[in-house]
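Listed below, chain by chain, are the residues.
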Amino acid sequence: MTAHERITIDVGAQQGVEVAPDLWGLFIEDLNDALDGGLNAECLRNGDFEFNAADRDGWDALTAWSADVADRVEVRTDAPIHPNNAHYLRLTGPVTLVNEGWDGTGTTEGQGFLLSFFARAGAEPARLTVTIGSNGGNLARAQVMVPSGGWHRCETPLTAVADGRGRLHIEIPAGLVVDLDHVSLRPTGPGGEPLTFRPDLLQALKDLAPSFIRFPGGCVAHGLGLDNIYHWKTTIGPRHERAQIPNSWGYHQSRQIGYLEYFELCQATGATPLPVVAAGVCCQNYPGGAQAIDDDAMDAYIQDVLDLIEFANGSPDTPWGARRAALGHPEPFRLRYLGLGNEDEITDDFRDRYARIEDAVRGRHPEICVIGTVGPQPFGPDFEAGWALARARGTAMVDEHGYRNPRWFHQNVDRYLAYEPGPQVYLGEYAARSNTMRSALAEAAYMIGLERNPAVVRLASYAPLLARAGHAQWTPDLIYFTATEVLPSASYHVQGMFSRERGTRLHPVTLGGVEPEPVTLPATGSVRLMSQGASVDYADIVLDGVVRHPVTTDPSGEPVELGGIDPAAATLELTATRRAGDEGFVVELGGDSYLQVHVGAWQNKSTLVIRGDDGITNDDHGPLHWHGVRTGVPVRVKVRLDGARVRAWIDGELRHDYEQDLRPEHRVVVGAASRTAADGSTEYVIRAVNAHPTARVASIRLAEPLGPAVATVTTLAGAGPDEGRPFTASPVAPVITTAAGDTLDLPPWSFVTAIIRRIP
């Protein structure tokens, strides 16, 4: 094979199709400590003393706090500063209270902070000493006077005298008794104002030039249970008055970044707001399934949704527009989109509640585009039912989600060409399952497909956006961070290369010298059994007509191999009995590409077939609800592979019967658009993915030639396909060069954006 292959890129004449103007945006959900401990600039953890066991087992009001004399610290709830902030501390001096922060509080010499808290002293004023201290000494120090009498808000500036990382210390002198609550430590801006957002993370979001920001979820929006639904009105106003709730992802949600701050974030990044509200039901993953808001409470809930629109867009003469103005924003936030529901199971309760909310918004605010929901996957019962509901109701747009492996993205570059006219698509959550270069390039190929189908796809946002290293419930993520670092992934760079350079007019593209990569079943393979989180005995094993000895798997998840198979023609039967544990078990069949039949998937609530390619997995069929594996109760399993067809029986019931996707992969993908430059001339935006070990050199031919032309080329390349891991920065970053306007170099495993313009 030569060092590179030559291909051609023929860019056709513009045909009057406009690029979707809001296509690339962001989705922020409070998981992975994305807000508290992340984008929220607050340096202290549990400053309100409201952590509790409902957030996470073992947590309480003193989580993240310690004292040099523990019995001089008392948690109290009588006469708090606000009912929503019921817990406070009574400190009897001498005692020093310490907050661990989020892996400590980082300082740089000269950096300013604002410390604030509510305090209640006795008959005499109290003088408290506060420091940001480390083992090397004090990084910042000040004293604060607490007036006598009831609750008072106290504050003091702090200036760091050295670089370091320390913890906040609050010293109560001997002879004083002080009540303390809502302790806050924030870095300050140039004018001494406390910052809302962590500056380096905010800049990372600004650098993506998002058209919109979706918030607050995701699962957080409709919550685990009706009491956990995200109600926007409880997240505005003074922070010490906001309702704090357990987070759907297993930690505490202070809502210090609430709806007002969300709208401010949109302003700071130049993005259009896209809030998501619950569609009158909570998340179906709540124990016992989704619950609907009581019928007699629906009118009030619908009014809350309408009030949100008024809060965002209403004039100061309206009740909620006046509230916005009172909070410092007389000008509207220019809300144009509203998401209704998230990945919901399409039940009768959902249909009823959804329709009532959508009808009310349409009637009062026809200018708002309501975005429906079609389940968690780009296929399956809820996907089909959600689309049927949207078509029947004439919903303007639906929110599709797709967490898939890289192969799926390469196979589905042209997915939206097959869509019929009707509701448009917001691809609200997608990712190619890993942080490798392979995944980033698969996303780039898919995004080219999204961009060239604007009649169908109007909006798209990768998810999740942010994850604190060591505090993540979900990977992959777009941006990782520590207390002092921002670690963008390769996917982050891909997103930026799309959003920062956009065309406005689409052009058709014809590729020469490129063929799709065929997808075939593996030639050889084997059968393996495993049971992460359970001990399982397997008996009566018959593999392709041959009886096998009984085996056992343990909770470690280590596989036990049964024998070789032909992945295109194999039959396995066995009886599995769980001896201990809470989870189910897995039957894996195949080689480099493999299938996993999960019996008792996702908290032992379903059966599911997963496919793995290039070491990255993908839901292939299901999950389908099931009663789960029970200790001591035998489960009879039969799996048959017949060419691309996969069948799996559980206790005699055929639960999975489908054809594996063997469509070819589009590994070299190119898109083209043009735009009008500042001088009135035309320039072209060419995007090209080469997800292949072979370098390509592309000759570019424009149907509407520019004459002598030059290209500004941004290239993401230089890493192998499997380089890149969660919690680390991308192994490569974009490099900008200048080249001739008629040739484009596509290195192995690369994504390239070229801006071609006429030489003046």
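Residues numbered from 1 in each chain as written. Predicted model: local features only at pLDDT ≥ 70, side-chain atom pairs only at ≥ 80, totals over all residues. Heavy atoms only, no water.

K.L.:
Break down the overall build of the protein for me, citing the residues and quoting the values.
P.N.:
A count of helical and extended segments in the protein gives 12 helices and 47 strands. The globule rule puts the C-alpha radius of gyration for 760 residues at 27 Å, and the 28 Å found for the protein is close to it. Taking the principal axes of the C-alpha coordinates as reference, the protein spans close to 85 × 80 × 60 Å. When contacts within the protein are restricted to residue pairs at least 6 apart in sequence, long-range pairs at least 24 apart make up 73% of them. Counting 64 positive and 96 negative side-chain charges, the protein places the averaged centre of each group 2 Å from the other. (Helix = DSSP H or I, 4+ residues; strand = E, 2+ residues; numbered from the N terminus. Rg over C-alpha atoms; globule rule 2.2 N^0.38 Å. Contact = heavy atoms within 4.5 Å. Lys, Arg positive; Asp, Glu negative; His and termini not counted. Charge placed at Lys NZ, Arg CZ, Asp CG, Glu CD.)

K.L.:
Before we move on, could you go through the sheet that holds strand S23 (residues 466-468) and cite the residues and values that matter?
P.N.:
Taking strand neighbours across the sheet as the criterion, the 3 strands line up as S23-S24-S25 in an open arrangement whose pairing is mixed. Because the sheet does not close on itself, it has two edges, and the strands there are S23 and strand S25 (486-488). The sheet shows a mean angle of 25° between the axes of neighbouring strands, taken without regard to direction. In this sheet, strand S24 (residues 479-481) lies alongside S23 in parallel orientation, the contact comprising 3 bridges. By the bridge assignment, Arg468 is partnered in S24 with Phe481. Contacts between helix H2 (residues 199-206) and the sheet are confined to S23, S24 and S25, with S24 contributing the most and set at about 170° to the helix. (Pairing = 2+ DSSP bridges. Axes fitted to C-alpha atoms, helices over the stretch in contact; angles between N-to-C directions.)

K.L.:
Residue-level account of the pattern of salt bridges, with values.
P.N.:
Tallying each qualifying case throughout the model produces 45 salt bridges. Of the charged contacts, one joins Asp414 and Arg452 as a salt bridge, the two residues approaching to 3.0 Å between their closest N and O atoms. Here Asp414, found in the loop between helix H9 (406-411) and strand S21 (424-431), pairs with Arg452, found in the loop between helix H10 (437-451) and strand S22 (457-460); they are 38 residues apart in sequence, far enough to count as distant. Arg452 gets classed as partly exposed once you look at its relative accessible area, which sits at 32%. Each of Arg407, Arg611, Asp613, Glu665 and Arg667 takes part in salt bridges that share partners, so that together they form one network. (Salt bridge = Lys/Arg side-chain N within 4 Å of Asp/Glu carboxyl O. Buried < 20%, exposed > 50% of the residue type's maximum accessible area, 1.4 Å probe, protein only.)

K.L.:
So what's going on with the environment of Thr715? Residues and values would help.
P.N.:
Looking at the secondary structure, you find Thr715 in strand S44 (residues 709-716). On the basis of relative accessibility, which here comes to 17%, the residue Thr715 falls in the buried class. Sequence separation of Thr715 and Asp745 is 30 residues, and the distance between their C-alpha atoms is 9.1 Å. Those residues in contact with Thr715, other than ones at most four positions away along the chain, are Ala733, Pro734, Val735, Pro747, Phe751 and Val752.

K.L.:
Describe unusual backbone geometry, naming the residues involved and giving the relevant values.
P.N.:
Residue Gly218 is reached from Gly217 by a cis peptide bond, and omega for that bond is 10°. Relative to the helices and strands, Gly218 is located in the loop between strand S14 (212-215) and helix H3 (219-222). In this chain, Gly622 is followed by Pro623 through a cis amide linkage whose omega measures 10°. In this structure, Asp540 takes a positive phi of about 50° despite not being glycine. By the element assignment, Asp540 lies in strand S29 (residues 534-543). Notably, Trp749 is not glycine yet its phi reads approximately 50°, a positive angle. Residue class for Trp749 comes out buried when judged on its relative accessible area of 10%.

K.L.:
Could you give me a rundown of the environment of Asn85, with the residues and numbers involved?
P.N.:
By the secondary structure assignment, Asn85 is in the loop between strand S4 (73-76) and strand S5 (88-92). The exposure class of Asn85 is buried, given its relative accessible area of 0%. For the pair Asn85 and Asp48, spaced 37 residues apart in sequence, the C-alpha to C-alpha distance is 6.8 Å. What Asn85 contacts, discounting residues up to four positions off in sequence, is Asp48, Glu50, Pro80, Asp181, His182 and His240.

K.L.:
Run through the side chain of Asp613, naming residues and quoting values.
P.N.:
Examined against the element boundaries, Asp613 turns out to sit in strand S36 (residues 606-613). Taking relative accessible area as the criterion, Asp613 reaches 2% and is therefore assigned buried. Here the side chain of Asp613 touches Asn405 through a polar contact of 3.2 Å, side chain to side chain. Excluding residues within four positions of it along the chain, Asp613 makes contact with Asn405, Arg407 and Ser593. (Polar contact = N/O pair within 3.5 Å; in protein donor to acceptor, adjacent residues only side chain to side chain.)

K.L.:
Break down the sheet that holds strand S27 (residues 509-512) for me, citing the residues and quoting the values.
P.N.:
What holds strands together in a sheet is hydrogen bonding between their backbones, with the strands either parallel or antiparallel. Taken together, 4 strands build an open sheet; the order of strands is S27-S1-S43-S46 and the sheet is mixed. The open sheet has two edge strands, S27 and strand S46 (743-746), and neither has a second partner. Strand-to-strand, the axes of this sheet are offset by a mean angle of 25°, without reference to chain direction. In this sheet, strand S43 (residues 695-702) lies alongside strand S1 (residues 4-11) in parallel orientation, the contact comprising 8 bridges.

K.L.:
Could you give an account of the packing of H10 against helix H11 (residues 490-500), naming the residues involved and the relevant values?
P.N.:
Where H10 contacts H11, the axes come no closer than 8 Å and their chain directions differ by 25°. One way to sum up the angle between H10 and H11 is to call them roughly parallel. The handedness of the crossing between H10 and H11 comes out as right-handed. Of H11, the residues touching H10 (which contributes Met437, Ala440, Glu443, Ala444, Met447, Ile448 and Glu451) are Ala490, Ser491, Val494, Gln495 and Phe498. Partitioned by chemical class, the residues of the contact of H10 with H11 number 8 nonpolar, 2 polar and 2 charged. (Parallel < 35°, antiparallel > 145°, perpendicular 65-115°, else oblique. Left-handed = near helix turned anticlockwise from the far one by under 90°. Nonpolar A, V, L, I, M, F, W, Y, C, P; charged D, E, K, R; others polar.)

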